[in-house]
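Survey of secondary and tertiary structure
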Amino acid sequence: MQTKYIFITGGVVSGLGKGITSASLGRLLKARGLRVTNQKFDPYINIDPGTMSPYQHGEVFVTEDGAETDLDIGHYERFVDENLSVHSNITAGKIYWSVLNREREGYYLGETIQVIPHITDMIKEKIVETGTSSGSDIVITEIGGTVGDIEGLPFLEAIRQISIEVGRENVLYVHVTLIPYLSLGGEMKTKPTQHSVKQLLSIGIQPDILVCRTEKKMSRDMKEKLALFCNVSKKCVIQNTDADSLYEVPLLLEDENFAELVCERLSIPKKQPDLTEWQKIVKMQKDITKKITVALVGKYVELHDAYLSIIEALNHAGIHNSSSVEIEWVSAESVEKGDAYAILKNADAILVPGGFGERGIEGKIKAIRFAREHKVPLLGICLGMQMLVVEYAQNVAKLDSCHSSEFYPDYKNPVIDLIYEQKGVVNKGGTMRLGAYPCVIKKGTLLEKLYACDTISERHRHRYEVNINYSDKLVNSGLIFSGMSPDGMLTEAVELPQNVHPWFIGVQFHPEFKSRPNRPHPIFMGLVKAGIDKKFGSN
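The following paragraphs examine the structure supplied in this document. Counting restarts for each chain: residues are numbered from 1 in the order of the written sequence. Local features in a predicted model are, by the rule used here, given only for residues with pLDDT of at least 70; side-chain atom pairs are given and counted only at 80 or more, and totals for whole chains, interfaces and linings are based on all residues. Processing note: side-chain calculations cover all non-hydrogen atoms of the structure and skip hydrogens and water entirely.

As a further point, take the layout of surface pockets. Method remark: on a 1 Å grid restricted to protein atoms, a set of points is classed as a cavity if a 1.4 Å probe fits but cannot get out and as a pocket if it is open with protein on both sides within 12 Å along at least five of seven lines; lining residues have an atom within 4 Å of a point. Grid points are joined across faces, edges and corners, and a volume is the space filled by probe spheres set on the points. Its boundaries defined by the atoms lining it, the largest pocket holds a volume of some 950 Å³. If you trace the largest pocket, you find 46 residues lining it, with Ile 20, Leu 71, Asp 72, His 75 and Asp 305 closest to the centre. Elements are defined by DSSP. Helices are runs of H or I of four residues or more, strands are runs of E of two residues or more, and each kind is numbered from the N terminus. At the level of elements, helix 1 (18-30), strand 2 (36-42), helix 2 (54-57), helix 3 (72-80), strand 11 (237-241), helix 12 (308-320) and strand 13 (323-331) are the ones that each hand at least two residues to the lining of the largest pocket. The residue inventory of the lining of the largest pocket, partitioned by class, reads 16 nonpolar, 19 polar and 11 charged. Approximately 350 Å³ is the volume attributed to the second largest pocket. Taken together, 21 residues form the lining of the second largest pocket, with Val 60, Tyr 300, Ala 306, Phe 356 and Arg 461 sitting closest to its centre. In the scheme used here, Gly and all other residues not listed as nonpolar or charged are polar, with Ala, Val, Leu, Ile, Met, Phe, Trp, Tyr, Cys and Pro taken as nonpolar and Asp, Glu, Lys and Arg as charged. Considered class by class, the residues forming the lining of the second largest pocket number 12 nonpolar, 6 polar and 3 charged.

Laid out in structure tokens, this is it:
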């Protein structure tokens, strides 16, 4: 069938959940046997979020092919259960960069470069390229920001032009908007949505479906009013009420006939969706009987979105272990300055995530030492794994003679030569290892027990490596190097024997990026199970 294009825009305010709407629609269409891919356009001028502060943008999600992307790409992967790619997140910076590079190469033969047609043509090219590269029946493209933002205008113009080029019958526009509830008067207001749609119409885009974010259910009269003033069919005004869980949203939208309306509008043969697996996940989540606390000792804990994939990976593992996971947000700097025991004593498990820069490093080391000495299950990810090695070298192996200024030059630590910038081994992302890399698992380890195989592939995002020149000294003192690169030169995972510590693992990669609600990641499954065992006793 000819590729169909669905464009998701947002109105009234940001943060309405366009990403969850896009991801949910992808899940509903895939449940109907369609090949679906998701894409997001971000109107900011940065090339990608890779160099942006987590406080500015939340987490950076990394794809299999090493693209540093918006966190919504993580939502897409988790909901649709498909690996996305560098084509799935395009910024205004990438668009302008591509056009300017072509101009420098003489591609435009001396033309004056303008927003229309050159920028808009490049945007359209990226949309079509996504469908072609993935071989999808449906391309769902979310336009970041809110209708009316000046930086988003070229993207809206491009998606308007797409309908002319591929045929209006192959394009569908979904507008996600807010129906605010004024508690003082006890009323829900449609006027903001009317104005938002009016802005879209002024650009030349007539939305086919309105997805209305609401706290309360919309009345029939309200839907009829919106349909009349926004020039859409009444049945195409659907409500998206607040849900207890993100994973309930696809089922709520299915009840609103969202995907059925999409198929009808795009002339896609209607099929009965198979949502059995998704319904099971939601039921399991509602039937949870236990609760554990995981202390997340990080640098950006004030903004929870900085650890979004970790939050979801813990949720997935909790669902499949019949336990809710309450995250205790612990600033690494507070541990650095305070009493680790007082701060962490109530944790059933501890997770030390990745991060960049020297701030909070000593706090992470103290948290890891507390977990090791008090037999609290611990998972160190990326920088967390590196600090696990440093802590062990300092306090167990007693490697006090190491010294170097390569690892964070201003950071004074007697064993910083253990962690160093590994240059000359990277083929993605400059001096960073980005994307999927293989790992060979040592037999007889906890890591092998978790994965139940001897070779894995996991996603990376880091610049520093463990110096294997010290591996013999660390191994002789009891640390197990349980995962290595195939050539044996790069450390992928370390752990302690289970007769020394019940569950103590550090991994160089980011397992959270591959966790799915229907396929929780084995490492997070292990951590949550270890936390349950600590709190309730092993089965």
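What follows is about the nonpolar core. Residues belong to a common nonpolar core when they are buried Ala, Val, Leu, Ile, Met, Phe, Trp, Tyr or Cys residues joined through side-chain atoms within 4.5 Å. Here's how the labels work: a residue is buried when its accessible area is under 20% of the maximum for its type, exposed when over 50%, partly exposed in between, all with a 1.4 Å probe on protein chains only. In terms of nonpolar packing, the biggest core is built from 45 residues, with Ile 6, Leu 25, Leu 29, Ile 209, Phe 258 and Val 262 touching the most fellow members. Excluding residues within four positions of it along the chain, Ile 6 makes contact with Leu 25, Leu 29, Ile 138, Val 139, Ile 140, Thr 141, Leu 172, Val 174, Val 262 and Leu 266. Two residues qualify as a contact provided that any one of their heavy atoms is within 4.5 Å of a heavy atom in the partner residue.

Let us now look at unusual backbone geometry. Cis geometry marks the peptide bond from Ile 116 to Pro 117; its omega dihedral reads 15°. Checked against the element boundaries, Pro 117 lands in helix 5 (residues 115-134). Even without being a glycine, Asp 81 presents a positive backbone phi close to 60°. Relative to the helices and strands, Asp 81 resides in the loop between helix 3 and strand 5 (89-91). With a phi close to 55°, Ser 267 is a non-glycine residue in the positive phi region. A relative accessible area of 60% means that Ser 267 is categorised as exposed.

With 13 residues, helix 1 should reach 18 Å at 1.5 Å per residue; the first-to-last C-alpha distance of 18 Å fits that figure. Counting buried positions along helix 1 gives 12 out of 13 residues, so the element sits mostly inside the fold. The span one expects for a helix is its residue count, reduced by one, times 1.5 Å.

This part covers the sheet that holds strand 20 (residues 480-484). Strand order in the open sheet formed by 9 strands is 13-12-14-15-22-21-20-17-18, with mixed pairing between adjacent strands. Two strands close off the open sheet at either side, each with one partner strand: strand 13 and strand 18 (455-462). Here the average twist between neighbouring strands, direction ignored, is 25°. Here the rule is simple: two strands pair whenever DSSP picks up at least two bridges between them. Of the strand pairs in this sheet, strand 12 (residues 290-298) and strand 13 are connected by 9 bridges, and their pairing is parallel. Bridging across to strand 13, Ile 292 finds its partner in Val 325. Against the sheet, helix 19 (residues 522-536) makes contact with strand 12, strand 13, strand 14 (349-352), strand 15 (378-381) and strand 22 (504-507), and its axis sits at roughly 120° relative to strand 12, the strand it touches most. Only the stretch in contact is used when fitting a helix axis, every axis being a line fitted to C-alpha atoms; angles between N-to-C directions are given from 0 to 180 degrees.

Side-chain alternation along strand 15 places Leu 378 and Gly 380 on one buried face and Leu 379 and Ile 381 on a second face that is also buried. Relative to strand 15, strand 14 runs parallel, the two sharing 3 bridges. Opposite Ile 350, over in strand 15, you have Leu 378 as the bridge partner. Here, the term right-handed applies to a crossover whose path from the first strand over the helix to the second runs clockwise when the strands point away from the viewer. For the segment spanning strand 14, helix 15 (residues 361-373) and strand 15, crossover handedness is right-handed.

Right, let's talk about the packing of aromatic side chains for a bit. Note on aromatic contacts: the rings of Phe and Tyr and the six-membered ring of Trp form a pair at centre separations within 6.5 Å, being stacked when their planes are under 30 degrees apart, edge-to-face when over 60 apart, and tilted otherwise. Scanning the model with the defined rule gives 11 aromatic pairs in all. Pairing Tyr 107 with Tyr 108 gives two aromatic rings, centres 5.1 Å apart and planes at 85°, and the pair type is edge-to-face. On the basis of relative accessibility, which here comes to 52%, the residue Tyr 107 falls in the exposed class. Each ring, one from Tyr 341 and one from Phe 370, has its centre 6.1 Å from the other, and the planes form 65°; the classification is edge-to-face. Here Tyr 341 is found in helix 14 (residues 340-344), whereas its partner Phe 370 is found in helix 15, with 29 residues between them in sequence. Overall, the relative accessible area of 46% leaves Tyr 341 in the partly exposed class. Ring pairs connect the aromatic residues Tyr 55, Tyr 300, Tyr 307 and Trp 329, which therefore count as one cluster.

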